[in-house]
Amino acid sequence: MTALRRVALWTDGTVRAVAPDEPVVTAFDQGLGRGDGVFESVLVTGGRTPHLDAHLTRLRRSAELLELTHPGEEAVRTLVAAASADWPADVDGACRVFLTRGLGAGEPPTLLALLAAVPAETLRQRETGIAVVTLSLGVPADFRATAPWLLGGAKTLSYAVNMAAQRHAHAAGADDVVFTSLEGRLFEGPTSTVVWAADGRLHTPPVETGILAGTTQARLFARAEADGWPTAVTAGTVADLHEADAVWLLSGIRGAARVTRLDGVQRDDAGLTARVAELLAR
Ligand code: PLP
């Protein structure tokens, strides 16, 4: 069976769909050699991309932080439409948009989109939850706010550390990670935002720590507030997660994955995951 995959490419101001096995990037691309670029993962569901706008905004912000040439929001919109045209409505897909420095030195950027089905394991985690370990990033919580060269808040292609952290978690028998600061403050997951329920509120750590501003967390918090569930930005610790009524890792592709084990300690969700899922699905 041919895998369900799509690729679309922007070149010279034009977008075209290309065969998934067609070579599209030069070996000299700075994105390949240095991870010098940014990306977004956009959910395709019911044949649509309902949350695309928030990803377009963040892609632009990431490009600004890296001083990358951005071909314009309309180009990215057309690219995603080309990649997701005719995508089956009953298959959730992950559309990854990549923008790199291309060949650098005044040459145009590379912009392309890949679309593939959301992996079965990701769908499983969405339904049954995840075991998580906390791992330190070794920087003080307020350091990245004063260190723009660390690119806090940008969704860069340099995810090798994030992937290594997840492999470390897998080797320890867990599914995923929550990164913490030198002092034990909460940051984020390698591909997700941390959210916890406590004191009748939903909480998430401040973006001033250099974490990514999660589009799924923003959507959840806006809808929770409108639904009478207060929200707060809180500089939490791992102890706060242990004491919370529920903890989730949120991302556009996986949705809200409830944390069922934290650093080896079983925990439940006080039945709150259904409400979170319902708010996200509205
Ligand atoms: N934090 C990091 C480091 C991520 O890679 C992601 C996923 O894209 C998120 C948070 C969650 O962002 P979103 O909800 O926009 O998918």
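Just so it is clear, the model here is predicted, and its values are computed rather than measured.

Conventions adopted
For every chain, the first residue of the written sequence is number 1, and numbering continues from 1 along that sequence. Per-residue local features of the predicted model are confined to residues with pLDDT of at least 70, and side-chain atom pairs are confined, for both listing and counting, to 80 or more; whole-chain, interface and lining totals are unaffected and use all residues. Side-chain metrics in this entry use all non-hydrogen atoms of the structure; hydrogen atoms and water are not considered. Any residue with relative accessible area above 30% and no salt bridge may belong to a patch, with like charges joined within 9 Å and the nonpolar Val, Leu, Ile, Met, Phe, Trp and Tyr side chains within 5 Å. Surface accessibility in these figures is a Shrake-Rupley result with a 1.4 Å probe; residues are shielded only by whichever protein chains are displayed. The term salt bridge refers to a side-chain nitrogen of Lys or Arg lying within 4 Å of a carboxyl oxygen of Asp or Glu. Strands here mean DSSP runs of E at least two residues long; helices mean DSSP runs of H or I at least four residues long; both are numbered from the N terminus. The pairing criterion is simple: DSSP has to find at least two bridges between the two strands. Angular values range over 0 to 180 degrees, each being the angle between N-to-C directions of two axes fitted as lines to C-alpha atoms, with helices fitted over their stretch in contact. Any two residues whose heavy atoms approach within 4.5 Å are treated as being in contact. If a single non-hydrogen atom of a residue is within 4 Å of a molecule or strand, that residue counts as near it. Polar contacts, as used here, are pairs of N or O atoms within 3.5 Å; protein pairs need one atom able to donate a hydrogen and one able to accept it. Residues neighboring in sequence count only if both atoms are side-chain atoms. Amino acids are sorted into nonpolar (Ala, Val, Leu, Ile, Met, Phe, Trp, Tyr, Cys and Pro), charged (Asp, Glu, Lys and Arg) and polar (every other residue, Gly among them). Any angle between 65 and 115 degrees counts as roughly perpendicular, while under 35 counts as roughly parallel, over 145 as roughly antiparallel, and the rest as oblique. In this scheme the crossing of two helices becomes right-handed for a clockwise turn of the near helix relative to the far one and left-handed for an anticlockwise turn of less than a right angle. Partly exposed describes any residue whose relative accessible area lies between the buried limit of under 20% and the exposed limit of over 50%, with all areas from a 1.4 Å probe on protein chains only and scaled to the type maximum.

Draft legend 1. The arrangement of a nonpolar patch on the surface in detail. Together, Phe143, Trp149 and Leu150 line one region of the surface with nonpolar side chains, adding up to about 330 Å² of accessible area. Within the fold, Phe143 resides in the loop between strand E6 (130-136) and helix H5 (160-171).

Draft legend 2. Summary view of the sheet that holds strand E5 (residues 110-117). If you trace the 5 strands from one edge of the open sheet to the other, you get E2-E1-E5-E4-E3, paired in antiparallel fashion. Looking at which strands have only one partner, the edges of the open sheet turn out to be strand E2 (14-18) and strand E3 (37-44). Strand after strand, the sheet turns through a mean of 15° between neighbouring axes, direction not considered. Across 6 bridges, strand E1 (residues 5-11) lies against E5 in antiparallel orientation. Looking at the pairing, Val7 lines up with Leu114 of E5. Sheet strands in contact with helix H3 (residues 73-84) are E1, E2, E3, strand E4 (93-100) and E5, and its direction is about 35° off that of E5.

Draft legend 3. The site of the ligand, seen in detail. The environment of the ligand is formed by 17 residues, the closest being Arg58, Lys155, Tyr159, Thr215 and Thr216. A distance of 3.4 Å separates a nitrogen atom of the ligand from a polar atom in the backbone of Ser192. In this structure, an oxygen atom belonging to the ligand sits 2.9 Å away from a main-chain N or O atom of Gly252. Relative to its free-state accessible area of 390 Å², the ligand is covered by the protein chains to the extent of 96%. If you list the elements that add at least two residues to the shell around the ligand, you get helix H2 (52-65), helix H6 (215-226) and strand E11 (246-251). When its residues are assigned to classes, the shell around the ligand shows 4 nonpolar, 10 polar and 3 charged.

Draft legend 4. Fine view of the packing of H2 against H3. Closest axis-to-axis distance for the H2/H3 pair is 11 Å, and the angle between their directions is 130°. Classified by the angle between their axes, H2 and H3 sit oblique to one another. Note that H2 runs across H3; the crossing there is right-handed. Along its contact with H2, which presents Leu52, Asp53, Leu56, Leu59 and Arg60, the element H3 presents Glu73, Val76, Arg77 and Val80. Residue composition of the contact of H2 with H3, grouped by class: 5 nonpolar, no polar and 4 charged.

Draft legend 5. Inspection of the side chain of Gln125 at higher detail. Relative to the assigned elements, Gln125 resides in helix H4 (residues 120-128). Owing to a relative accessible area of 8%, Gln125 belongs among the buried residues under this scheme. Apart from the residues within four sequence positions on either side, Gln125 is in contact with Ile130, Asp175, Arg254 and Ala257.

Draft legend 6. Broad picture of the environment of Glu225. Structurally, the position occupied by Glu225 is in helix H6. What makes Glu225 partly exposed here is its relative accessible area of 41%. Considering only alpha carbons, one finds Glu225 and Leu157, 68 residues apart in sequence, at a separation of 33 Å. Discounting residues that sit within four places of it in the chain, Glu225 has contacts with Pro230 and Thr231. Polar side-chain contacts of Glu225 include one of 2.6 Å to the side chain of Thr231.

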